Amino acid sequence: PLILAFAMFMEQMDSTIISTALPAIAIDIGTSPIALKLALTTYKPEVNTTIEAGVKTQFLNNHLRVNVAAFHSEIKDTQISFQNSAVDPASTDTVNAQGKVKIDGVELEVQAQITSELSANFGYSYMHGDVNGVIASGLVSDGLGGTTLLTQELIHAPYLPKHQANVGLDYVRP
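These numbers come from a predicted model, not from an experiment.

Colleague: Can you explain the pattern of salt bridges? Please cite residues and give values.
Modeller: By the definition in use, this model includes one salt bridge. E74 is the salt-bridge partner of K100, the closest N and O atoms lying 3.4 Å from each other. Of this pair, K100 sits in strand 6 (residues 100-113) while E74 sits in strand 3 (residues 64-76), and the two are 26 residues apart along the sequence. Classification of K100 as partly exposed rests on a relative accessible area of 43%. Classification of E74 by relative accessible area gives partly exposed; the value is 23%.

Okay, structure coming up:
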């Protein structure tokens, strides 16, 4: 059997940071951000800091792979997007949450090569998000050229399922 323990630290900045530059770009080309349906992009980039540790294994002459990992993530300036029908039903606004969203979780992955043509896989994740005291707040367009201050306490971590699973079979024709 092959057994490999691992640990990693990762810090990631959300790629939508370009949106914060779009209002200046609109002005440079002689129009307004509202005309480009950008509304207001006053949010900061989201920063996710994660530590993860686990074990990756292979057994039975590399026919069975089992990987297990645990992780802890802290997300600063979580971006929350929502429909802003005051501007346009197709328009969305984004605000930052003040405070840190914390996520703890575990993952299990199993892959088995049943025959030379058939393999099976299974994955499961459990995640728990802590949003205690996290408040989403920011200026959003009111659709009339002005702004409104939006403030809302989070009740759950956005876009985070508590349980997630997948099962699959792969067949390769000989």
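Colleague: Explain the packing of aromatic side chains to me, and be specific about the residues and the numbers.
Modeller: Where two aromatic rings form a pair, the distance of their centres and the angle of their planes describe that pair. Applying the stated criterion across every chain, the model contains zero aromatic pairs. Over the ring of F6 we find K56; its NZ or CZ atom is 5.3 Å from the centre of that ring.

Colleague: Explain the side chain of T50 residue by residue, including any values.
Modeller: As for its placement among the helices and strands, T50 is situated in strand 2 (residues 47-59). Judged by its relative accessible area of 9%, T50 falls in the buried class. One polar contact links T50 to S73, side chain to side chain, over a distance of 2.8 Å. Each residue touching T50, except ones within four places of it in the same chain, is listed here: M8, F9, M10, F71, H72 and S73.

Colleague: Summarise the nonpolar core; cite the residues concerned and give the values.
Modeller: Counting residues in hydrophobic clusters, the biggest one holds 14 residues, and the most contacted among them are I80, V101, I103, V131, V134 and L154. Of all the secondary structure elements, the ones that give two or more residues to this core are strand 3, strand 5 (92-98), strand 6 and strand 8 (135-141). Among all residues touching V131, those that are not within four sequence positions of it are V101, L154, I155, H156 and A157.

Colleague: Before we move on, could you go through unusual backbone geometry and cite the residues and values that matter?
Modeller: Although it is not a glycine, N62 sits at a positive phi angle of roughly 65°. Residue N62 is classed as exposed on the basis of its relative accessible area of 55%. The phi angle at D77 is positive, at roughly 60°, despite the residue not being glycine. With respect to the helices and strands, D77 occurs in the loop between strand 3 and strand 4 (79-83). Of the residues examined, D77 reaches a relative accessible area of 12% and is grouped as buried.

Rules and cut-offs
- Residues numbered from 1 in each chain as written.
- Predicted model: local features only at pLDDT ≥ 70, side-chain atom pairs only at ≥ 80, totals over all residues.
- Heavy atoms only, no water.
- Salt bridge = Lys/Arg side-chain N within 4 Å of Asp/Glu carboxyl O.
- Helix = DSSP H or I, 4+ residues; strand = E, 2+ residues; numbered from the N terminus.
- Buried < 20%, exposed > 50% of the residue type's maximum accessible area, 1.4 Å probe, protein only.
- Phe/Tyr/Trp six-rings, centres within 6.5 Å; stacked < 30°, edge-to-face > 60°.
- Lys NZ or Arg CZ within 6 Å of the ring centre and 35° of its normal.
- Polar contact = N/O pair within 3.5 Å; in protein donor to acceptor, adjacent residues only side chain to side chain.
- Contact = heavy atoms within 4.5 Å.
- Core = buried A, V, L, I, M, F, W, Y, C linked by side-chain atoms within 4.5 Å.

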